[in-house]
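# Tertiary structure, described
One-letter residues, chain by chain:
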Amino acid sequence: MPPAPRRRNTAPPREELLAAAMATIAERGLDGLTMAGLGREVGMSSGHLLYYFRTKDELLLQTLEWSEGRLGAERRALLSGRTAVRERLDAYIGLYLPDGDHDPHWTLWLEVWNRSRNADDDARARQAAIEGAWHRDLVALLAEGTSCGEFRTVDAERFATRLRALLDGFSVHVAVGIPGMGREQALVRVGEFIDDSLTAAERTGGPGTRRTKRT
C-alpha cells in the first residue's frame, strides 16, 4: 500500500491558496469550491482554512483581489504602450470582457457582486477599490485621446461611467452564455459604440450644418 500523503506542517503561501481556489473555479465552477476540497488541494484542514479566511465570502473576495491584481498589472502594461490611444482602448476593452461563458474571473465577480448585498463596509470598500482602478485607468485613457485630438471632445469621467456600464452589461451576457452574444459579438457592438461616440468626425459650424452634441 502506498504511503499516505504527508500533510504540510505549515500553511502554504497565501498566493498558492488563492491560485488553487481560482483553478478550482475554472475547472469545477463555484459549486466545486469548498473549504474541504481546497484544503485537500493544498494540504490543509478546512478548519485551518476557515481560521485563515474566516468565511467563504472572505475567501472569494481575496481570490478576486488576487485575480484583479494580475489583471491590473496586465492592464497597466497595455495602457503604458506607445501605440495609438484607440488601440490601447481596444486592448482595455478586450481585457475587460470575459473570454467566454463560464470565464472563471467573471464567474467569481458575479458571485461576489451577488453576495455584496450582505457584505460589511470593509468588503464593500475593497470591491469599490477594484472598480475604481478600472475606472481611473479608463478616464485617463479617454482624457489622453481627447487632448491629443484622437477622440472627440467628451467629459472623460462621465463617458467612462457610461462605457463601463455598457461593458458590464455585455460582460454579464457573455459570462452566462446568453444566446447570440458571445465575446466576438460584444467586441463588435462596443467597437460600434466607440466609433459612433468617440471617433466619428465632428461637424463644424456653418451654413446648413450643426455641431454634434457633446457626449
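Higher on the page you've got the structure.
Rules and cut-offs
Residues numbered from 1 in each chain as written. Predicted model: local features only at pLDDT ≥ 70, side-chain atom pairs only at ≥ 80, totals over all residues. Heavy atoms only, no water. Helix = DSSP H or I, 4+ residues; strand = E, 2+ residues; numbered from the N terminus. Contact = heavy atoms within 4.5 Å. Buried < 20%, exposed > 50% of the residue type's maximum accessible area, 1.4 Å probe, protein only. Phe/Tyr/Trp six-rings, centres within 6.5 Å; stacked < 30°, edge-to-face > 60°. Lys NZ or Arg CZ within 6 Å of the ring centre and 35° of its normal. Salt bridge = Lys/Arg side-chain N within 4 Å of Asp/Glu carboxyl O. Lys, Arg positive; Asp, Glu negative; His and termini not counted. Polar contact = N/O pair within 3.5 Å; in protein donor to acceptor, adjacent residues only side chain to side chain.

### Some details on the overall build of the chain
Along the chain, the regular secondary structure elements total 9 helices and 0 strands. Reading the secondary structure of the chain in the N-to-C direction produces α-α-α-α-α-α-α-α-α. For the chain, long-range pairs separated by at least 24 residues make up 70% of all intrachain contacts whose partners lie at least 6 apart in sequence.

### Some thoughts on the environment of Met-181
For Met-181, the position within the fold is in the loop between helix 8 (156-176) and helix 9 (183-199). For Met-181, a relative accessible area of 14% puts it in the buried group. Taking the C-alpha atoms as reference points, Met-181 and Gly-100, separated by 81 residues in sequence, lie 9.7 Å from one another. Sequence-distant contacts of Met-181, defined by excluding residues within four places in its chain, comprise Phe-170, His-173, Val-174, Ala-186 and Arg-189.

### Examining the packing of aromatic side chains
Under the defined criterion, the tally for this structure stands at 8 aromatic pairs. By the ring-pair criterion, three or more aromatic residues cluster together here, those being Tyr-92, Tyr-96, Trp-106, Trp-109, Trp-113 and Trp-134. The residue whose ring lies beneath Arg-75 is Trp-134, and the NZ or CZ to ring-centre distance is 4.2 Å.

### Quick word on the pattern of salt bridges
Once their charged atoms are close, side chains differing in charge can pair, the charge on each being opposite to the other. All chains considered together, the criterion is met by 12 salt bridges. One salt bridge in this structure joins Arg-86 and Asp-195, with 2.8 Å as the shortest N-O distance. Placement of Arg-86 in helix 5 (residues 85-96) and of Asp-195 in helix 9 is noted, with a sequence separation of 109 residues between them. A residue is classified by how much of its surface remains accessible, and Arg-86, at 18% relative accessible area, is buried. Since its relative accessible area comes to 37%, Asp-195 is described here as partly exposed. Note that Glu-111 and Arg-115 form a salt bridge whose closest N and O atoms lie 2.7 Å from each other. Here Glu-111 and its partner Arg-115 are both found in helix 6 (residues 104-115), 4 residues apart, which amounts to about one turn of the helix. Taking relative accessible area as the criterion, Arg-115 reaches 27% and is therefore assigned partly exposed. Several salt bridges share partner residues, and in doing so they unite Arg-54, Glu-58, Glu-65, Asp-122 and Arg-126 into one network.

### Considering the side chain of Glu-68
With respect to the helices and strands, the residue Glu-68 is situated in helix 4 (residues 56-79). Buried and unpaired, Glu-68 has Arg-75 as its nearest opposite-charge partner, separated by 4.6 Å. Of note is the side chain of Glu-68, whose polar atom sits 2.9 Å from the side chain of Trp-109. At 2.8 Å, the side chain of Glu-68 and the side chain of Trp-134 are in polar contact. Discounting residues that sit within four places of it in the chain, Glu-68 has contacts with His-105, Trp-109, Ile-130 and Trp-134.

### Let's talk about the environment of Asp-137
The residue Asp-137 is located in helix 7 (residues 121-147) in this model. For Asp-137, a relative accessible area of 21% puts it in the partly exposed group. Along the backbone, Asp-137 and Arg-76 are 61 residues apart, and their C-alpha atoms lie at a distance of 8.2 Å. Those residues within four positions of Asp-137 in sequence are excluded, and the remaining contacts are Arg-75, Arg-76, Leu-79 and Tyr-92. Among the polar contacts listed, one links the side chain of Asp-137 to the side chain of Arg-75, at a separation of 2.7 Å.

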